[in-house]
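As a plain string of letters, each chain reads:
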Amino acid sequence: MTAIILDGIVLGLQFGVLAVGLTLVYGLGGVLNLAYGQMAVVAAIVVSLSMDAGLPAAPAVGIGLLAGGGFGLLLDTTLLRPVYRLRGEAKVLLSLVLTLGVAFVVDGLLLWRLPLEALTLHIGGGVVEILGVPMRRGSLWASAISVAVFVALFFFFRSTMLGRAVRSVIQDEEGARLVGIDPGRMRTLILVSSGVLAALVAVTRSMTTPVTVTAGISLTIFALIVTVVGGLGSVAGAFLAGLILGIISTVSSFYIGTFLTLIILLSAAALTILMRPSGLLGVPE
Amino acid sequence: MLEVRGFSAGYQGNDVVHDLSFRVDRGEAVMIIGSNGAGKTTLLRAMCGLLPVSSGKVLFEGTDVVPIPAQRIVRLGMSFVPSARHLFPQMTVQEHLSLGAYPNRPDPETMSLVLDLFPRLGERRRQRAGTMSGGEQQMLAVGRALMSRPRLLVLDEPTTGLAPKLAQEAYQALGVLRLQGLTLLVAEQQVPLVMAFSDRGYVLENGQIQIEGTSEELAKNPEVRRAYLGVT
């Protein structure tokens, strides 16, 4: 049981980071990016191709993170332009339709050109015992990186001027303009960060499980579920919900079965919406 | 300091204010009064870059700010406090005040000036704006605007939603700022309060300036007395 829970924590930390990238973008007045998982997959494939070409892992990962950020920048400067001009439901719907299209195009291209490409980062060095449970080094690296990302995110949003400026645009765009903050720049920053976070999760995930070209949709779904449970726009909520859902996920995979696990996670999201619509740490409207 | 010439603006091609011209000199407190729907809010929002302008110029210290977006106008030294306040509900008082100075670090001298003016804000530094009362939120909106060290402060209905006593206190605070040399432009429906506070004023009705003059002249004007001061 301890082993299953530890595995759940490893998974949950990564779920959390994944959700932050989605929820930040949604915070821009309701921009729902359904091509989010594909950002992670594209980054993973870029890393994999760079390594196939003979690059060592570290620079290949660097290129992958740049690819994730570049994907975000591309969305921000092209397809999302008309989305930003809308408000309310229209904004959510247009972003949903456009990014779903992007997701299909990316999936189609990858399946057509690189159907067998997948990213696996082998972290050698055997196992390490934690609480009497032998853990793979890949899991420990993935968790350490995820925790470091959360610490960095908390510091950025709480204690830096730029982090506060990003939050201000999410909370009240007009208020942000009145203190001299350019919302367009903050949007670009958020989209690029979102792509980098997706790429990071693709990299940490590949330390324990291969990330294949078809992983996009399930990554988007996981991110959505964690975001709904944690509360929109909350980094702490994403962290907490990621851990809880990670543990639920590994426990139910072990005792019930992998297929039903997704149903259970979706039920957790549905229950949250019914009982606490703003999520664990989200802010009621 | 501020000169508005032939200014028209509105929503989606329908001008709400037409061909307005007025000015605010350095050190003055100028009021714009008018009934609900007269176009005061449209005028101020368009002037400060939050609404499109269809024609005219807004010269702030000689620079036409019409083509400049709101986020850059504030850096020129003209700060706007909207009636809806537009605070950041999840952020603390402290965070608002430091963001007010964006992109610079908050200046300690300006910070202590704001906290002297509104001691309540100092007592509630860690409180989130969303949980504050209307009066406190108004203080915070003004405090945040002051952190950018403006030379001209533009306020839209600073007494919206405030009880009469708090509305009076709000004008006392603005009076202190005026004595410190800040230039003020205030749109207001609570005419008696703003009348006692300002040097000059303009009466805006149906999107046009109908009457203008010093506050004493306006206070004596029979139309103003009938329409805004409740004198019959």
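Up top is the structure these notes are about.
Just so it is clear, the structure is predicted and the values come from calculations on it, not from any experiment.

### Quick look at the overall build of chain A
Inference 1: For chain A, the count of helices and strands is twelve helices and four strands.
Inference 2: Oriented by its inertia axes, the alpha-carbon framework of chain A measures out at about 55 × 45 × 35 Å.
Inference 3: Residues classed as buried in chain A amount to 49% of the 285 residues present.
Inference 4: Considering only contacts within chain A whose residues lie at least 6 apart along the sequence, 77% involve residues at least 24 apart.

### A few points about the interface of chain A and chain B
Inference 1: Facing the 16 residues of chain A at the interface are 19 residues of chain B.
Inference 2: Put simply, the parts of the chain that give the side of chain A that touches chain B at least two residues each are helix 7 (161-171) and helix 8 (173-178) of chain A.
Inference 3: Considered class by class, the residues forming the side of chain A that touches chain B number six nonpolar, four polar and six charged.

### Thoughts on the sheet that holds strand 5 (residues 63-64) of chain B
All names here are of chain B.
Inference 1: An order of 2-1-4-5 is seen for the four strands of this open sheet, with the pairing classed as antiparallel. Each edge of the open sheet carries a strand with a single partner, namely strand 2 (14-24) and strand 5.
Inference 2: Bridge count between strand 4 (residues 53-60) and strand 5: two bridges; the pairing is antiparallel. Bridge assignment links Leu 59 to a residue of strand 5, and that residue is Asp 64.

### Re the nonpolar core
Inference 1: Residues Leu 18, Ala 40, Ala 43, Ala 198, Ala 199, Ala 202 and Val 226 of chain A are the most contacted members of the largest nonpolar core, which totals 154 residues.
Inference 2: Excluding residues that lie within four positions of it along the chain, Ala 199 of chain A makes contacts with Met 39, Ala 40, Ala 43, Gly 64, Leu 65, Ala 67 and Gly 68 of chain A.

### Description of the sheet that holds strand 10 (residues 208-214) of chain B
All names here are of chain B.
Inference 1: A sheet is described by the order of its strands in space; here six strands give the open sequence 6-7-8-3-9-10, paired in mixed fashion. If you trace the sheet from one side to the other, it starts and ends with strand 6 (78-81) and strand 10, each paired once. Between one strand and the next, the sheet's axes are offset by a mean angle of 15 degrees, whatever the strand orientation.
Inference 2: Relative to strand 10, strand 9 (residues 200-205) is paired through six bridges, and the arrangement is antiparallel. By the bridge assignment for strand 10, Tyr 202 is matched with Glu 212.
Inference 3: Strands in contact with helix 1 (residues 40-47) are strand 3 (29-33), strand 6, strand 7 (152-156), strand 8 (183-188) and strand 9; relative to strand 7, the strand with the most contacts, it is inclined by about 145 degrees.

### Topic: unusual backbone geometry
All names here are of chain B.
Inference 1: Between Tyr 102 and Pro 103 the backbone carries a cis peptide bond, its omega angle lying at 0 degrees.
Inference 2: Topologically, Pro 103 is positioned in the loop between helix 3 (93-100) and helix 4 (108-117).
Inference 3: For Glu 61, which is not glycine, the phi torsion reads 45 degrees and is therefore positive.
Inference 4: By secondary structure assignment, the location of Glu 61 is in the loop between strand 4 and strand 5.
Inference 5: The phi torsion at His 86 lies on the positive side, around 50 degrees, for a residue other than glycine.
Inference 6: By the element assignment, His 86 lies in the loop between strand 6 and helix 3.

### Description of helix 1 (residues 2-26) of chain A
Inference 1: Across its 25 residues, helix 1 of chain A extends 35 Å between first and last C-alpha, which sits within 8% of the 36 Å expected from 1.5 Å per residue.
Inference 2: For helix 1 of chain A, the tally of buried residues reaches 19 of 25 residues, placing the bulk of the element in the interior.

### Details of the pairing of strand 2 of chain B
Residue and element names in this part refer to chain B.
Inference 1: As judged from the seven bridges shared by strand 1 (residues 2-11) and strand 2, these two strands associate in the antiparallel manner. Directly across from Glu 3, in strand 2, lies its bridge partner Arg 23.
Inference 2: Once strand 1 ends, the chain turns through two residues before running back antiparallel as strand 2, passing Gln 12 with a positive phi of about 45 degrees.

### Overview of helix 11 (residues 235-255) of chain A
Residues and elements named next belong to chain A.
Inference 1: Its 21 residues place the ends of helix 11 30 Å apart at the C-alpha level, agreeing with the 30 Å of an ideal helix rising 1.5 Å per residue.
Inference 2: Looking at helix 11, one finds that the buried residues are Val 235, Gly 237, Ala 238, Phe 239, Leu 240, Ala 241, Gly 242, Leu 245, Gly 246, Ser 249 and Thr 250.
Inference 3: Those residues of helix 11 that are buried lie in contact with helix 1, helix 6 (137-159), helix 10 (216-230) and helix 12 (258-275).
Inference 4: Directly beyond the C-terminal end of helix 11, a positive phi value near 135 degrees is found at Gly 257.

### Topic: the packing of helix 2 (residues 36-52) of chain A against helix 5 (residues 88-113) of chain A
Residue and element names in this part refer to chain A.
Inference 1: One way to put it is that helix 2 packs onto helix 5 with a least axis distance of 10 Å and a crossing angle of 30 degrees. Judged by the inter-axis angle, helix 2 sits roughly parallel to helix 5. When you trace helix 2 past helix 5, the crossing you get is left-handed. Packed against helix 2, whose contacting residues are Gln 38, Val 41, Val 42 and Ile 45, the element helix 5 presents Val 102, Ala 103, Val 106, Asp 107 and Leu 110 at the interface.

Parameters and conventions
Residues numbered from 1 in each chain as written. Chains lettered and ligands numbered in written order. Predicted model: local features only at pLDDT ≥ 70, side-chain atom pairs only at ≥ 80, totals over all residues. Helix = DSSP H or I, 4+ residues; strand = E, 2+ residues; numbered from the N terminus. Buried ≥ 20, exposed ≤ 12 C-beta atoms within 10 Å, placed from the backbone. Contact = placed C-beta atoms within 7 Å. Nonpolar A, V, L, I, M, F, W, Y, C, P; charged D, E, K, R; others polar. Pairing = 2+ DSSP bridges. Core = buried A, V, L, I, M, F, W, Y, C linked by C-beta atoms within 7 Å. Axes fitted to C-alpha atoms, helices over the stretch in contact; angles between N-to-C directions. Expected span 1.5 Å × (residues − 1). Parallel < 35°, antiparallel > 145°, perpendicular 65-115°, else oblique. Left-handed = near helix turned anticlockwise from the far one by under 90°.

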